[in-house]
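Structure at a glance
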Amino acid sequence: TTASVCSNRLRILAGAAAMMAALSAFAADDILERGRYLTYAGGCISCHTEDVEEAIPLAGGRAMETPFGTFYSPNITPDMKSGIGGWSDDDFLNAFWEGVSPDGKHYFPAFPYTSYTGASRDDLLAIKAYLFSLEPVPKETADHDLAWYMSSRIAAGAWKAVNFEPARFEPDPSQDEQWNRGAYLVRHLGHCGECHTPRSAIGVSQADAEMAGSTFGEEKIPNITTHRIDGIGRWSASDIEYFLDIGMLPDGDFTGSSMVDV
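Residues numbered from 1 in each chain as written. Predicted model: local features only at pLDDT ≥ 70, side-chain atom pairs only at ≥ 80, totals over all residues. Heavy atoms only, no water.

1. Focus on the confidence of the model for the chain
What counts here: The quantity known as pLDDT measures the predictor's confidence residue by residue, on a range of 0 to 100. Strands are runs of DSSP state E lasting at least two residues, helices are runs of H or I lasting at least four, and both sets are numbered from the N terminus onward. Throughout, a contact is declared for two residues whenever any of their heavy atoms are within 4.5 Å.
Of the residues in the chain, 89% reach a pLDDT of 70 or more, and the chain-wide mean stands at 89. Ranking the elements of the chain by mean pLDDT puts helix α1 (residues 2–41) last, at 66, and helix α3 (residues 89–98) first, at 98. Scored below 50 in pLDDT, residues 22–26 makes 0 contacts in the model with residues more than four places away or belonging to other chains.

This is the structure:
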């Protein structure tokens, strides 16, 4: 009968709707888990958590001393006033890709957008989805304490105009998928070179000495090229895995200084 046909159609539509809702929930969970993984891989926790025992993760306030003064990392929880709760997708992408805040101000390269600019849209929006799933933390952070010639965002804009060119990561067709995945993680999302590559007097990474080691204040940052004596050329895959997992070096010693947080 007509009534029976309509009833069957309604049951089919209801079942389809339930299935789509379930798939959407699974997709949302997948995005959040991916975003959580990428947030940790990108080092967001290390820089955006204050270096005190009672610190709240991602609420900012970590002091980063540089030759140009002290930078304080911002709150990146989804608090609407002191965090990033009011940011749109485009705001988030522009921060990472262009080094520009939602109100159009230039970021100093202490925020490593010079590396993050290579990150993909999907990865960045997964990170945003994860950050926005967290509890908002109302916490203001200190203003940067910089040398007079770096105290203006105009100085950051001038530095970018000369030394920064936004660009997404492009896989090298001469290399395999694993190599390209590694290059993406090391050079962009993980931004290893921000610490491990030496810089010029004005803070520009020296591409011809990529990953060859650097200094950060009084801290010596090691060479992580494949040089067998000065670098990590003799490390096995498991050596690298143990190091990044628990901080243990191949000789059984453990890393120290700022790498502990990473």
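Structure shown, so let's carry the discussion forward.
2. Re the pattern of salt bridges
This is how it is decided: A side-chain nitrogen of Lys or Arg and a carboxyl oxygen of Asp or Glu constitute a salt bridge if their distance falls within 4 Å. Residue burial is assigned from relative accessible area. The probe radius is 1.4 Å, only protein chains are included, and a residue is buried under 20% of its type maximum, exposed over 50%, and partly exposed in between.
The full count for this structure, using the stated rule, is 7 salt bridges. Between Arg-36 and Glu-33 there is a salt bridge, with the nearest N and O atoms lying 2.9 Å from each other. Remark: Glu-33 and Arg-36 occur in helix α1; sequence separation between them is 3 residues, near one turn of the helix. The class for Glu-33 is partly exposed, based on a relative accessible area of 42%. Across the salt bridge formed by Arg-62 and Asp-261, the nearest N and O atoms sit 2.5 Å from each other. Taken together, the residues Arg-62 in the loop between α2 (44–47) and β1 (63–66) and Asp-261 in the segment after α9 (237–246) connect sequence positions 199 residues apart. A relative accessible area of 39% means that Asp-261 is categorised as partly exposed.

3. Considerations on α3
Of all the positions in α3, only Asp-91, Phe-92, Leu-93, Ala-95, Phe-96 and Trp-97 are classed as buried. Buried residues in α3 make contact with α4 (113–116) and α5 (121–132). After α3 finishes, the residue Gly-99 shows a positive phi value of roughly 70 degrees.

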